Amino acid sequence: MELYYLTAHQLHDMLIKKEISAEEITRAVFGRIEAVEDKIRAYVTLTRETAERQAREVDKSIAAGEKISPLAGIPIAIKDNMCTAGVRTTCASKILYNFVPPYNATVIERLNEALSVMTGKTNMDEFAMGSSTENSAFFTTCNPWDTDRVPGGSSGGSAAAVAAGETIVALGSDTGGSIRQPASYCGVVGLKPTYGSVSRFGLVAYASSLDQIGPITRDVTDCALVFNAISGHDPQDSTSAPYDQPDYTSYLTGDIKGLKIGVPKEYMGEGIDPAVREVIRETVKVFSGLGAQVEETSLPHSEYALPAYYLLATAEASSNLARYDGVRYGYRYKEAEDIVDMFMKTRSEGFGAEVKRRIMLGTYALSAGYYDAFYNQALKVRTLIKGDFDQAFEKYDLLLSPVAPGPAFKRGEKIADPLQMYMVDICTLSINLAGIPAISLPGGFVNKLPVGLQLIGKPFGEGDILRAAYAFEQSGARCCKLNLLQV
Amino acid sequence: MAQYEPVIGLEVHVELKTNTKIFCNSSTAFGADPNHHTCPVCLGLPGVLPVTNKKVVEFAIKAGLALNCQIAPFSKFDRKNYYYPDLPKNYQVSQFDLPIAEHGFLEIEVDGNTKRVGITRVHMEEDAGKLVHQGTISDSSFSLVDYNRTGVPLIEIVSEPDMRSPEEASAYLEKLKAIIQYTGISDCKMQEGSLRCDANVSVRPLGQEEFGTRAELKNMNSFKALQKALVYEIKRQIKINEEGGRVIQETRSWDEAKGVSLSLRSKEEAHDYRYFPEPDLVPMVISKDWVDEIRTTLPELPDERQARFVEQYGLPAYDAIVLTSLKEMADYYEQCVEQFNNPKAVSNWIMGDFSRLMNADNMEINDVRIQPAQLAKMLQLLEKGTISGKIAKTIFEDMFATGRDPDIIVQEKGLVQISDEGAIESIVTDVLANNPKSVEDYRAGKNQALGFLVGQVMKATKGKANPGMVNKLLKEKL
Amino acid sequence: MISLKEVEHVALLGRLKLTEEEKKLYSKQLSDILEHARKLQDLDTANVPPTSHVLPLQNVFREDRTGEHMTTEKVLANAPDRQDDYFKVPRIL
């Protein structure tokens, strides 16, 4: 297989055996980017020169006999909402089209320490608001499995790049499903970690109490390796949890005998494509065959998650996005008569339709007279939703569900109707409200399009998730086959 | 005609004297070049997150304790959303429904009586930046923004509407300033903006219980401005009432140069700050142990010190109030008394010439070049009769200007008092011989002639003659 | 139903200048979304506390120690307009 389609752990083995050099890996990936990027359009910015320089550094380390980290020399694509010092960070928005951060996000610092090689910054829905990357101010990314279809979103660029061989691994961010849903659509692995396990410092905020950075990879082992590298306490993020961080690869044993898995019936009902339900039922059989106990359970407040999510996320967003005003950085409307005029025109021209819609909704939800009915009520419903999960986890180690109601949809199919687009996230956003971890991993196919299965864990239960995901992956059943042919 | 009673409440912002800002480690030092004390966090760059400075919480608790407040066992930060170019995130991190301290009070002296003014709450928040204009804000075709002060920690202290005159408001602010300065958490310099005061003012017919509609007064940059603005605003509101009009609830800005307050109504849109819990910061749980630990760091506060000055030094209440109103002044006083044990004499000098010269030069105590020990030494020279009271004033002025020791000045200028009876007697004899008319007047019963003769003797000795001795000798000879 | 007037007020609070068309569109779309959100009011939450933070973290503080400042060139590198070491903005009315 081509170098660009290998996994990080395979490449690492070859690197330490000196079968290949880091520079060769980087060249292979950039060669692939040259070949397919005009069809996929995964990247907003490419950083080839620095990538090659970083790769040569790694080769020097290897030549010097130094022990290298599992991610050393491994190409990684970064969603364009994580700040990279000296490299443009746009959030796929006109309002930040020229913003060059003077600092690195904590995750970038950690990847640098691991000597991984950044390939570039990936496309996304503007400010991570969307489920298709169609809300990018620049262009829409295409799904490598069918380029007429969306790659999902908002981390669509990262997922498409991993699936198309335009990087080896990637980072995405997930506020309501933005890692898991594109991972499902692109047939790759995506982990939304426990809130507080990966530092948000340097992640451009959409909804602060829901946002989390996580890995998008080709297999579960790579997912564990990237998660090892980026997770852990950060004093620069007050919401970062101090916890004993295990080596997550130690969970990759293949043994899940006796593991208790619940399948919430609310995630298998109306609104979910019957073909997707069928895929999930098949995966249940696989888990049972591996020795897990699987049974149906219930998360009774599930139907309230969508409205609660949209009120909370947009309320926080309306405040988080207030800073884009044309004063200190980014786009500015130049002919303003006065400051208020400048604020209003800068923001109206700088933000796209979905971002404006969410700012409007969030502003409304927080405004006088509506706070209790909407925002505060949503915070209370969040308590109930979290309570559902707490209760379920008294009985089960993991929950299993679809990631999205269907496979990747066609470009333009849902963009006109916001509510319909929001429905795409009904299986994922409760997890963000509860702050718990969940993985999307390739579970099967519907109409030759990949469909993910979601494993949901307890707070800081990434180990259990990875254990089950790895066992499933190793079983070989309906596992991810990378799409080498169509692009 | 109805008698009106003003109702006043004050909102005071105090800048805390920490090394770093409230949510990042940029310096708070005053006077840096524009935008030099900034970092990604206080500039509100995309992606940054705040981390609370522990010292700010401790200082706020300290202020709460000094103001007799209850310290909240559970407190949190909230976002206050509004757009202004000096506010980098276009929201201010502040506290809304769970402030760090509530339900306190302080006591002021009004016409010899003690009055208690309630403190509604003390909360923490971040300061905004500074706008620089050519001319005034509205004349200038552009503004320049300096974010050095953005994120400097503030506490806002909100009083109950308990004050009934501009004098009470002034007394409250003086007392508040003294208490905060004593705790050491702020310099409280109104000139540098580390103490800022807004006032809520309304009037009501005397005897009416219900409050009138209030106006919020802003932009008063000195105690004098506060006093003037309140007098103006009270008059304005009474006039509206008397003319049958209605006071509108609005924000008004005090124009010190013109001596009027102006409505800011035209600039206001409906205020809707959309407060919500700051998701980037976690709640604060303030244990009793933590509060007790901070309580042990509280110094003696103005009221306690004032009472002690009366008791320990036998000072009149007035002296004690004035001397303890500034911590530095009270410290200076006590250091001086330690070396010259005549408390009232020291008090007279500090409240008299010392304060007069200091105010004339717009100085603060720490700027004064006379050390407490030097003042004590001068008072010893005066007590021993080495110098006269008149000479003492001259020496004091020299000391104030140069910081030199009093005995050096006395030696150098030859200002030692002449108490040698023989020397004074010969001068007295001369003066009597040269002023026969005055001698005659005195003998004819005109007592004021004696004063003239004393003056002549002092003039001849350049003020150095011991005045008691001069009087005695003159009377004998006459 | 969110009226056009409400849309205008909210747009002003959020500093967005909307075209007439956008106002109409948002009036309808926000109404739809909020109609959907009204569902939340069916739940009795009288005794349910709000969850602002999912993790039980508290008292996260930093010591009062000065760190590095950015160089002024870095501070102003992204500024759309500047004068000397200041950010420059249009007149404030």
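Residues numbered from 1 in each chain as written. Chains lettered and ligands numbered in written order. Predicted model: local features only at pLDDT ≥ 70, side-chain atom pairs only at ≥ 80, totals over all residues.

**Re the overall build of chain C**
And then number 1: Looking only at helices and strands, chain C has 3 helices and 3 strands in total.
And then number 2: What you see in chain C, going N to C, is helices and strands ordered as α-α-β-α-β-β.
And then number 3: Here the C-alpha atoms of chain C give a radius of gyration of 23 Å, more than 25% beyond the 12 Å that 2.2 N^0.38 yields for 93 residues.
And then number 4: Looking at chain C as a whole, 28% of its 93 residues qualify as buried. (Helix = DSSP H or I, 4+ residues; strand = E, 2+ residues; numbered from the N terminus. Rg over C-alpha atoms; globule rule 2.2 N^0.38 Å. Buried ≥ 20, exposed ≤ 12 C-beta atoms within 10 Å, placed from the backbone.)

**Topic: the overall build of chain A**
And then number 1: Summing up its helical and strand segments, chain A has 15 helices and 11 strands in all.
And then number 2: Since a compact globule built from 487 residues should have a radius of gyration of about 23 Å, the 21 Å found for chain A is in line with a globular shape.
And then number 3: Over its C-alpha atoms, taken along the principal directions, chain A stretches across nearly 65 × 50 × 45 Å.
And then number 4: Within chain A, the fraction of its 487 residues that count as buried is 67%.
And then number 5: In chain A, 76% of the contacts between residues at least 6 apart in sequence involve partners at least 24 apart. (Contact = placed C-beta atoms within 7 Å.)

**Some thoughts on the confidence of the model for chain C**
Interpretation of this model should avoid reading the predicted coordinates in detail wherever pLDDT is low.
All names here are of chain C.
And then number 1: Taken residue by residue, chain C gives an average pLDDT of 93. The fraction at 70 or more is 100%.
And then number 2: By mean pLDDT, the top-scoring element of chain C is strand S1 (residues 61-62) (98), and the lowest-scoring one is helix H2 (residues 20-37) (92).
And then number 3: Prediction confidence for the complex, expressed as pTM and ipTM, is 0.91 and 0.97 respectively. (pLDDT = per-residue confidence, 0-100.)

**Re helix H1 (residues 4-13) of chain C**
Because each turn of an α-helix spans 3.6 residues, side chains separated by three or four positions end up pointing in the same direction.
And then number 1: Inspection of H1(C) places Val7(C), Val10(C), Ala11(C) and Leu13(C) among the buried residues, and these make up the whole buried set. On an axial view of H1(C), the arc spanned by its buried residues comes to 155°, and they lie on one face.
And then number 2: Among the structural elements, helix H11 (353-366) of chain A together with H2 of chain C are those in contact with the buried residues of H1(C).
And then number 3: Following H1(C) by one or two positions, Arg15(C) has its phi on the positive side, about 50°. (Arc of directions from axis to C-beta.)

**As for the interface of chain C and chain B**
And then number 1: Contacts between chain C and chain B engage 31 residues on the former and 41 residues on the latter.
And then number 2: The set of elements that each furnish at least two residues to the side of chain C that touches chain B consists of H1, S1, helix H3 (72-76) and strand S3 (86-90) of chain C.
And then number 3: Looking at the side of chain C that touches chain B, the element that brings in the most residues is S3(C), giving 5 residues.
And then number 4: When the residues that make up the side of chain C that touches chain B are grouped by side-chain class, the tally is 14 nonpolar, 9 polar and 8 charged.
And then number 5: Relative to S3(C), strand S10 (residues 142-146) of chain B runs antiparallel, the two being bridged by 4 bridges. Bridged to Phe142(B) within S3(C) is Pro90(C). (Nonpolar A, V, L, I, M, F, W, Y, C, P; charged D, E, K, R; others polar. Pairing = 2+ DSSP bridges.)

**Notes on the interface of chain C and chain A**
And then number 1: With 42 residues of chain C in contact, the opposing surface of chain A contributes 54 residues.
And then number 2: Contributions of two or more residues to the side of chain C that touches chain A are made by H1, H2 and S3 of chain C.
And then number 3: Split by residue class, the side of chain C that touches chain A holds 27 nonpolar, 9 polar and 6 charged.

**Structural notes on the nonpolar core**
And then number 1: Core analysis: the largest hydrophobic core is formed by 301 residues, its most contacted members being Ile76(A) and Ala60(B).
And then number 2: Per element, the largest residue contribution to this core is 10 residues, and it comes from helix H9 (residues 305-320) of chain A.
And then number 3: There are two domains that each give this core at least three residues, and those are domain 1 (4-294) and domain 2 (302-413) of chain B.
And then number 4: Setting aside residues no more than four positions away along its own chain, Ala60(B) makes contact with Ile100(B), Ala101(B), Val122(B), Met124(B) and Ile155(B).
And then number 5: Val431(B), Met469(B), Val470(B) and Leu474(B) belong to the second largest nonpolar core, which has 10 residues in total. (Core = buried A, V, L, I, M, F, W, Y, C linked by C-beta atoms within 7 Å. Domains from an automatic or database assignment.)

**Some words on the sheet that holds strand S6 (residues 91-94) of chain B**
All names here are of chain B.
And then number 1: Ordered by their spatial adjacency, 3 strands build an open sheet running S6-S5-S16, and the pairing between neighbours is antiparallel. The open sheet terminates on both sides in strands that have one partner only, identified here as S6 and strand S16 (276-277).
And then number 2: Note: strand S5 (residues 78-81) against S6, 4 bridges, orientation antiparallel. The residue bridging Arg79 from the neighbouring strand is Val93, located in S6.

**Focus: the sheet that holds strand S15 (residues 260-263) of chain B**
Strand pairing in a sheet relies on backbone hydrogen bonds. The paired strands run either parallel or antiparallel.
Residues and elements named next belong to chain B.
And then number 1: The strand order across the open sheet built from 9 strands is S3-S7-S8-S11-S1-S12-S13-S14-S15, with neighbouring strands paired in mixed fashion. Looking at strand neighbours, the two that pair on one side only are strand S3 (70-71) and S15, the edges of this open sheet.
And then number 2: Running at roughly 120° to strand S7 (residues 101-110), helix H2 (residues 166-183) makes contact with strand S1 (4-15), S7, strand S8 (113-126), strand S11 (153-159) and strand S12 (195-205) of the sheet. (Axes fitted to C-alpha atoms, helices over the stretch in contact; angles between N-to-C directions.)

**Some details on the environment of Ile436(A)**
Residue and element names in this part refer to chain A.
And then number 1: Here Ile436 shows up in the loop between helix H14 (429-434) and strand S10 (438-446).
And then number 2: A tally of 26 C-beta atoms within 10 Å means that Ile436 is categorised as buried.
And then number 3: Considering only alpha carbons, one finds Ile436 and Lys386, 50 residues apart in sequence, at a separation of 8.9 Å.
And then number 4: Sequence-distant contacts of Ile436, that is, excluding residues within four places in its chain, are made with Thr194, Phe389, Ile431, Ile456, Gly457, Lys458 and Pro459.

**Observations concerning helix H1 (residues 8-16) of chain A**
All names here are of chain A.
And then number 1: Looking at H1, one finds that the buried residues are Ala8, His9, Leu11, His12 and Leu15. Axial view of H1: buried residues confined to an arc of 160°, hence all on one face.
And then number 2: Its buried side turned inward, H1 meets helix H2 (22-40), helix H3 (48-63), strand S4 (169-174) and helix H7 (220-230).
And then number 3: Downstream of H1 by a residue or two, Lys18 has a phi angle that is positive, lying close to 60°.

**Describing the packing of helix H7 (residues 327-339) of chain B against helix H9 (residues 372-384) of chain B**
All names here are of chain B.
And then number 1: Between H7 and H9, whose axes approach to 8 Å, the crossing angle comes to 45°. Classified by the interaxial angle, the pair formed by H7 and H9 is oblique. Classified by chirality, the crossing of H9 by H7 is right-handed. Side by side, H7 and H9 meet where Tyr332, Gln335, Cys336 and Gln339 of the first sit next to Pro372, Ala373, Leu375 and Ala376 of the second.
And then number 2: When grouped by side-chain class, the residues that make up the contact of H7 with H9 number 6 nonpolar, 2 polar and no charged. (Parallel < 35°, antiparallel > 145°, perpendicular 65-115°, else oblique. Left-handed = near helix turned anticlockwise from the far one by under 90°.)

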